[in-house]
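Chain by chain, the residues:
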Amino acid sequence: MADPVLDTTDDRPDAKRPCSADRSALVSTLFRDNNRALLNFLLTHLSNEQEAREVAQEAYVKLLQLDQPEAISFLRTYLFRIAGNLAIDRIRRHGRKERIDRLALFEEWATEPSVEQEVLAEQEIELIKEAIGELKPNYRRAFVLHKFDERSIAEVAVEMDLTPRMVRTYIARTVFYCRLRLDGVGHAEAHKAMMGIQA
Amino acid sequence: MSGQASNEFRALGEASEWLIRLRAEPDSEEAVKSWIRWCEEDPANATAFERIQRLWRQMDHLADENLDHASHASVQHAVHSATIAALLRPSTRRSRWRDWRLAATIFFAISASAGWYALKVHTRSVPLSTANTQNHVASLPDGSLVNLAGKTFVVVNFAGRERRLRMSSGEAFFKVHPDKTRPFVVRAGPLDVTAVGTEFDVKSDAGRVSVTVAEGVVAVQPVRRADANASDVPWRIGPGYQFVYSDGSGSTALTSVNTSSVLAWREGRLDYVNAPLTQVIADVSRYTHHPVEIADPSIGKLTFTGTVFTDSTDAWLKALPGVLPVRVQSGAAGGVVIVSAASMRH
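The rules behind the values
Residues numbered from 1 in each chain as written. Chains lettered and ligands numbered in written order. Predicted model: local features only at pLDDT ≥ 70, side-chain atom pairs only at ≥ 80, totals over all residues. Helix = DSSP H or I, 4+ residues; strand = E, 2+ residues; numbered from the N terminus. Buried ≥ 20, exposed ≤ 12 C-beta atoms within 10 Å, placed from the backbone. Contact = placed C-beta atoms within 7 Å. Expected span 1.5 Å × (residues − 1). Pairing = 2+ DSSP bridges. Axes fitted to C-alpha atoms, helices over the stretch in contact; angles between N-to-C directions. Core = buried A, V, L, I, M, F, W, Y, C linked by C-beta atoms within 7 Å. Parallel < 35°, antiparallel > 145°, perpendicular 65-115°, else oblique. Left-handed = near helix turned anticlockwise from the far one by under 90°. Nonpolar A, V, L, I, M, F, W, Y, C, P; charged D, E, K, R; others polar. pLDDT = per-residue confidence, 0-100.

A.B. asks: Would you mind going over the overall build of chain A with me for this structure?
C.D. replies: When helices and strands are counted, chain A shows 8 helices and 0 strands. Starting at the N terminus and ending at the C terminus, chain A contains elements arranged as α-α-α-α-α-α-α-α. Looking at the 199 residues of chain A, the share that counts as buried comes to 40%. The contacts in chain A between residues at least 6 apart in sequence include a share of 61% that link residues at least 24 apart.

A.B. asks: Quick question: what am I supposed to make of the overall build of chain B here?
C.D. replies: Along the backbone of chain B there are 9 helices and 19 strands. By the burial criterion, 33% of the 346 residues in chain B qualify as buried. For chain B, long-range pairs separated by at least 24 residues make up 47% of all intrachain contacts whose partners lie at least 6 apart in sequence.

A.B. asks: Looking at this model, I keep getting lost on helix 3 (residues 43–58) of chain B. Mind explaining?
C.D. replies: In an α-helix, one turn spans 3.6 residues; hence positions three or four apart end up facing the same way. Given a rise of 1.5 Å per residue, 16 residues ought to cover 22 Å, and the 23 Å separating the end C-alpha atoms of helix 3 of chain B matches this to within 8%. For helix 3 of chain B, the full list of buried residues reads N45, A48, F49, I52, Q53, L55, W56 and Q58 of chain B.

A.B. asks: Quick question: what am I supposed to make of the sheet that holds strand 16 (residues 292–294) of chain B here?
C.D. replies: Where strands meet in a sheet, backbone hydrogen bonds hold them as pairs that are either parallel or antiparallel. All names here are of chain B. Strands sit in the order 16-19-18 across an open sheet of 3 strands; the sheet is mixed. Strands at the two margins of the open sheet, each flanked by one partner only, are strand 16 and strand 18 (326–330). With strand direction ignored, the average angle separating the axes of adjacent strands in the sheet is 25 degrees. Bridge count for strand 18 against strand 19 (residues 336–340) is 5 bridges, and the pairing is antiparallel. Residue pairing in the sheet places S330 in a bridge with V336 of strand 19. Contacting strand 18 and strand 19, helix 9 (residues 313–323) crosses the sheet at an angle of about 145 degrees to strand 18.

A.B. asks: Would you explain the pairing of strand 13 (residues 241–246) of chain B in this entry?
C.D. replies: Here is the key point about a regular strand: its side chains alternate between the two faces of the sheet. Residue and element names in this part refer to chain B. As paired strands, strand 10 (residues 208–215) and strand 13 are joined by 5 bridges and run antiparallel to one another. Residue R208 lies in a different strand from strand 13, and its bridge partner there is S246. Here strand 13 pairs with strand 14 (residues 252–256) via 5 bridges, running antiparallel. From the neighbouring strand, Q242 faces strand 14, where its bridge partner is T255. Between the end of strand 13 and the start of strand 14, which pair antiparallel, lie 5 residues, with G250 showing a positive phi angle near 70 degrees.

A.B. asks: Just checking my understanding: could you explain the nonpolar core for this structure?
C.D. replies: One recurring pattern in soluble globular proteins: nonpolar side chains tend to sit buried together. Residues L42, V55, A83 and V175 of chain A together with I52 of chain B are the most contacted members of the largest nonpolar core, which totals 59 residues. Among the elements that take part in this core, helix 7 (residues 164–182) of chain A stands out by supplying 9 residues, more than any other. Not counting chain neighbours up to four residues away, the residues in contact with I52 of chain B comprise V175 and R179 of chain A together with L12, A15, S16 and L19 of chain B. In this structure, L165, F173, F184 and V280 of chain B belong to the second largest nonpolar core, which totals 49 residues.

A.B. asks: Sorry if this is basic, but what is going on with the pairing of strand 19 of chain B here?
C.D. replies: Examined bridge by bridge, strand 16 of chain B and strand 19 of chain B share 3 bridges and lie parallel to one another. Paired with V292 of chain B across the strands is V336 of chain B, a residue of strand 19 of chain B.

A.B. asks: Help me out: how do you make sense of the environment of E267 of chain B in this one?
C.D. replies: Mapped onto the elements, E267 of chain B comes out in the loop between helix 6 (259–262) and strand 15 (269–276). In sequence terms E267 of chain B and F309 of chain B are 42 residues apart; their C-alpha atoms lie 9.0 Å from each other.

A.B. asks: How should the packing of helix 5 (residues 137–148) of chain A against helix 6 (residues 153–160) of chain A be read in this particular structure?
C.D. replies: Packed helices, taken two at a time, are described by their axes: the angle between them and the distance between them. Residues and elements named next belong to chain A. Orientation of helix 5 relative to helix 6, taken along the N-to-C sense of each, is 135 degrees, at an axis distance of 9 Å. The orientation of helix 5 relative to helix 6 falls into the category oblique. Along this stretch, helix 5 crosses helix 6, giving a crossing that reads as right-handed. Contacts from R141, A142, L145 and H146 in helix 5 reach I153, V156, E159 and M160 in helix 6. A per-class count over the contact of helix 5 with helix 6 returns 5 nonpolar, 1 polar and 2 charged.

A.B. asks: Would you take a moment to explain the packing of helix 2 (residues 29–41) of chain B against helix 3 of chain B for this structure?
C.D. replies: Residues and elements named next belong to chain B. In the contact formed by helix 2 and helix 3, the axes pass within 4 Å of each other and the chain directions differ by 115 degrees. Packed against helix 2, whose contacting residues are W38, C39 and E41, the element helix 3 presents N45, A46 and F49 at the interface. Classifying every residue of the contact of helix 2 with helix 3 by side-chain character gives 4 nonpolar, 1 polar and 1 charged.

A.B. asks: Looking at this model, I keep getting lost on the confidence of the model for chain A. Mind explaining?
C.D. replies: In low-pLDDT segments, the atomic positions of the prediction should not be examined closely. Residues and elements named next belong to chain A. Confidence in the prediction for chain A averages 73 pLDDT; 69% of positions are at 70 or higher. When the criterion is pLDDT under 50, residues 1–19 qualifies, and its contacts beyond four places in sequence or with other chains add up to 33 contacts. Within the model, pLDDT remains below 50 along residues 95–114, and this stretch shows 51 contacts once partners closer than five positions in the same chain are excluded.

A.B. asks: Mind showing me how you'd approach unusual backbone geometry here?
C.D. replies: In most cases, non-glycine residues show a negative phi, while peptide bonds are predominantly trans. Residues and elements named next belong to chain A. Of note, D161 is a non-glycine position whose phi angle comes to about 60 degrees, a positive value. Mapped onto the elements, D161 comes out in the loop between helix 6 and helix 7. Residue class for D161 comes out exposed when judged on the 7 C-beta atoms lying within 10 Å of it.

And the structure:
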């Protein structure tokens, strides 16, 4: 990577110590280069994009307010740590996930949700249902418990009498399988690919 | 399987594992670092991750009892919907109910358009305006409220079957009193924005119109011309979303936004995160006594992050050279011109 300041692998506090006048420029660069990754990261914990954007903004503001110069050398690591903590705070404050608005579903087609696209979105939901129906009951149960009953991986493991590693594998396989089926991959091929995820 | 397809499969499989790992270890810095490294190893990885994540969020809708009823912003998943219960049964089959539902969606859209074409133009009207640089709140005869930004002009015409408003360039926030029998239609530039009972913001500047919805749903449609295609279907925009139309390119975009930040102007604050300077100046100049111009289009592309208070725009303009590589000069007719810091002083 060209800029050592933004390299997460470089956590040496003495890597570079820009003065605070540089900080807003650095944060701008950080924003430009990492915003997509940061939003993707936040969306693994938060279910709606607006909330992810809010948390990201809050994290950038916090970063601008940091006063230890050492922090600058691993700004990106800080950014993700701050953002992660803010996201977790938010989840705890709600005590539950917020349901995303129905329109968020159409983000995939972004510019202008037409009637055809709405129909397409509904068809995708049906296809997802069918794909999940093709999986073994254990996979479906692990997925539903984690996704809709708000149970952590550890809690699902206890409930299903499996190792947490197995639960993770089941859920990852379920998501992977559904993605492939939605992409038009055949049942057998998708099944084979899914089994490539090893516990 | 071709090499490209197998790489895509690999990336999607790994992305699925990463999604679950990041969810399972929310506090692990090590996991985040390795994940970032993985994203950067191959551009296919980042793309795959986004596709897996989009699917994960799409799956939220499996919990909807009925997709045709717009869900509220926050609903607990306490009770399993019929769909989730079905997922737990030994097998799920395609039902007739689904085909019926698809038909219902199409019917709804057509009837909304039919209502649209019944609209007529009326002539009696009452103007409302903020000639000065202050925000202004007006209540309308039907109980709706309009919050006007500085230098914004709205013409109200409630004489007919619809509640019609026409907006000059500027910005206005509408809190619409619900009345299903009389649509509330705001014309801004080349667009008509229609609401029943809802809260939304319209901003119209130099061929760019943005519509931000705080509550409810609005429909946006280009103003109908005699030669318009009768099958045009309006864009429907839900809460938390901003629709932007650019006249020059005819392009449209729908993005989710922080509505409280978009609407902060009503409290005298303009909030920006990486906004192009042209947009910021268009807003700020609604609150200055003299025109503000950008001398060079390349400066307009500079981005600004921060807050401008509408009652101290002069101080903000003075401070701008500290934040961006620009200089602020006096221009013609008492106005202000923003030039590149690199350019010669005249």
